[in-house]
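# Architecture and fold: a report
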Amino acid sequence: MNKLIKNISFIIGIFICLGFVLVKNEEVFFEYPEYWPKPVYNFSKLSMTEEEFQLGRHLFYDPLLSRDETISCASCHLQATGFTHVDHDLSHGIEGRIGTRNSISIMNLAWNTSFMWDGGVNHIEVQSLAPISSENEMDSSLATIVEKLNKSEKYNSLFENAYRDSIVTGQKILLALTQFVVMLNTYNSKYDKYIRSEIGGEFTEQENSGLNVFRNNCASCHKEPLFSSTDFKNNGLNIDSTLNDFGRMRVTKKPQDSLKFKVPTLRNIQFTQPYMHDGRFETLQEVINHYTSDVQHGPTLANELQEQITLTHKEKVDLLVFLRTLTDQEFLYNKRFSYPRETPTN
Amino acid sequence: MLKSKTITTIRSKKIKLVTLVVLFANSILFAQENYLKIEINPFFKTKVLEKNSWYVSKNNDSLQFTKIKFYLTDFKILTKEGKIKQLPNSDFLVGIFNGESKSILLENVSYKTGDQLLFNIGVNEKMNTSGALSGALDPANGMYWSWQSGYINFKIEGKSPSCSTRKNKFQFHIGGYKKPFAATRSKSVTIANAINNVLIIDFDIATLFDSIDISNLNQVMIPGKEAVEIADILPDLFSLNE
């Protein structure tokens, strides 16, 4: 008798399994140019489905994530400015509270080995915990969000679609957000088309000259093709005594990491102002002038900056013109990445 | 989106039907009856440990506890013959008060009296660097640092008039996985008397408070030297109930 029950449940089990396989979600593809390095991120926990992507997109744009439900991820990470917070040196959170750093752009994250200006976060899947729980940002907690989302009919159905299970967990929230942000990839700027010899990638003489200036003076830290590096560097900024932010040292507690910050990507830099970890420079001219004339020498200054960078006026202008070729309009205006206005379809 | 021919693509992994069926069949046809249940028995010296009761340590500190939560992970059996049997997915979050779980169920485990039970107090480096995990390790459990990635291995909160802090509170959030501040510790107990497959492990919080000066050391919320100092004492809190 007992054996019979076992056999029957075994067969039912097979049917249930088949059912799961037959209801197949729509796949999403993670694409990048063939000549780029392989992404660092291991995608194994993501379902790589449209449903998970759309769920992540809804979460990214939903103020429900903050304690008083006034700000969303997108409040400080706006698509049209390369997913960063334009016009504010220090980003602000709920109730107008001011943080201590300039929000960093979100692009090509699958190639990052650490996150935040000081690299305090070690994995893309747990990155969103930082703004969620920071007092000056969303001032909430993952547990609170799990509770709120479990009460929401809209999210129950979005989670059901994505995971065949409407129960919300912390892990699922983090994975869905990852599925969205990891897709925010930019590789269709004029510079990229130039590299691929595509139509629209024809460089002017000035842009070519700017590229040379860049390669001779900037590219050792802002490495092509991602225009960043996974390193932390002291780029010679004098310390802002109102913040006393020593960067990477907070994480490693090593004096040799004092004043070191992440080398950020320069992609879409035309629109990601203000610049630096504390947003002290409003324009790219100021940034370039810093590197040519204001670098502060100290024990942890980057090797690359030990020798002064000298640029003629023309070289500076050419460099600025080149930096604009890193703008990727297709990325900045891609509707798939924008606020989800309708029920998610495609 | 990308017009060039040069595209590399990462696709989703198709569910392998075979794997699912095999897993399902396994769980039905070979349901194991071998298990080991571990009960954590919390006390302060000779008194049962209860929330908001007063206790006095060897240093004459009066103490009250409001929260004690910790991870016990990565269970293994070391047989008398010296063989190590790893128990997969054996990561548990134990909470002493508020009806949180004080028992751990190890399933599909075979052991003999006299074998050693090995486990970690806290979460190992690999799990600290593996992104968003589920179950006991879900960051929603409130045992995860957001500003500097990593699990809080051990949380002890309460108050004592010996602490000149706000509301006399002490807070120990012990964690950290990077050398030299790694705070996860291993522990082994002999499986001497698991009557009806239940092993009782005593947890004496007095051991910690007898060995630290809480007038000086009362707020540890980040990985570092102080966290390591406390982590070194934690294994001594656990012992087999004889």
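Here goes a summary of the coordinates provided. In this text the structure is predicted, and so the values were computed from the model without any measurement.

With that settled, consider the overall build of chain A. Across its full length, chain A carries 13 helices and three strands. Taken along its principal axes, the extent of the C-alpha atoms in chain A is 90 × 50 × 35 Å. A fraction of 68% describes how many contacts in chain A between residues 6 or more apart in sequence connect residues 24 or more apart. Summed over its atoms, the accessible surface of chain A is roughly 16,000 Å², and 53% of this surface lies on carbon and sulfur atoms. Charged side chains in chain A number 34 positive and 43 negative. The centres of these two groups are separated by 6 Å.

What follows deals with the side chain of Lys-155 of chain B. All names here are of chain B. Tracing the sequence through the fold places Lys-155 in strand E11 (residues 150–159). The side chain of Lys-155 is buried and forms no salt bridge, while Glu-157, the nearest opposite charge, is found at 4.9 Å. Apart from the residues lying within four places of it in its own chain, the contact partners of Lys-155 are Lys-67, Ile-68, Lys-69, Gly-142, Met-143, Phe-172 and His-173.

We now examine helix H2 (residues 50–60) of chain A. Of all eleven residues in H2 of chain A, ten are buried; the element is thus mostly enclosed. Where the residues of H2 of chain A are buried, they touch helix H3 (73–76), helix H5 (142–150), helix H6 (153–163) and helix H7 (170–181) of chain A.

It is worth spelling out the packing of helix H11 (residues 284–294) of chain A against helix H12 (residues 313–324) of chain A at this point. All names here are of chain A. Put simply, H11 and H12 touch, their axes get as near as 11 Å, and they point 130° apart. The orientation of H11 relative to H12 falls into the category oblique. Handedness of the crossing formed by H11 with H12: right-handed. Where H11 approaches H12, its residues Leu-284, Gln-285, Ile-288, Asn-289 and Thr-292 are matched on the opposing element by Lys-316, Leu-319, Leu-320 and Leu-323. For the contact of H11 with H12, the per-class residue count stands at five nonpolar, three polar and one charged.

Turning our attention to the pairing of strand E2 (residues 35–44) of chain B. Regular strands show a simple pattern: their side chains alternate between the two faces of the sheet. Residue and element names in this part refer to chain B. As paired strands, E2 and strand E8 (residues 103–107) are joined by five bridges and run antiparallel to one another. When the bridges of E8 are listed, Lys-37 appears paired with Leu-105. Note: E2 against strand E14 (residues 198–204), seven bridges, orientation parallel. Bridging across to E14, Glu-39 finds its partner in Ile-200. With two bridges connecting them, E2 and strand E3 (residues 47–48) associate as antiparallel partners. Looking at E3, one finds that Phe-44 is bridged to Lys-47.

Attention shifts here to the pattern of salt bridges. A side chain of one charge can pair with a side chain of the opposite charge if their charged atoms are brought near each other. Residues and elements named next belong to chain A. In this structure the tally under the stated criterion is 24 salt bridges over all chains. Two residues, Lys-172 and Asp-165, come together in a salt bridge whose shortest N-O distance is 3.4 Å. Its relative accessible area of 12% is what places Lys-172 among the buried residues.

Moving on to helix H9 (residues 205–217) of chain A. Residues and elements named next belong to chain A. An ideal rise of 1.5 Å per residue puts 18 Å on 13 residues; H9 measures up with 18 Å between its terminal C-alpha atoms. For H9, every residue scored as buried is listed here: Glu-207, Gly-210, Leu-211, Val-213 and Phe-214. The buried residues of H9 occupy an angular sector of 160° when the element is viewed end-on, so they sit on one face. Across H9 from its buried face, at more than 90 degrees, point the exposed residues Glu-205 and Asn-216. Looking at the buried side of H9, the elements it contacts are helix H8 (190–195) and H12.

Cut-offs used in this document
Residues numbered from 1 in each chain as written. Chains lettered and ligands numbered in written order. Predicted model: local features only at pLDDT ≥ 70, side-chain atom pairs only at ≥ 80, totals over all residues. Heavy atoms only, no water. Helix = DSSP H or I, 4+ residues; strand = E, 2+ residues; numbered from the N terminus. Contact = heavy atoms within 4.5 Å. Areas by Shrake-Rupley, 256 points an atom, 1.4 Å probe, with all protein chains shown as cover. Lys, Arg positive; Asp, Glu negative; His and termini not counted. Charge placed at Lys NZ, Arg CZ, Asp CG, Glu CD. Buried < 20%, exposed > 50% of the residue type's maximum accessible area, 1.4 Å probe, protein only. Salt bridge = Lys/Arg side-chain N within 4 Å of Asp/Glu carboxyl O. Axes fitted to C-alpha atoms, helices over the stretch in contact; angles between N-to-C directions. Parallel < 35°, antiparallel > 145°, perpendicular 65-115°, else oblique. Left-handed = near helix turned anticlockwise from the far one by under 90°. Nonpolar A, V, L, I, M, F, W, Y, C, P; charged D, E, K, R; others polar. Pairing = 2+ DSSP bridges. Expected span 1.5 Å × (residues − 1). Arc of directions from axis to C-beta.

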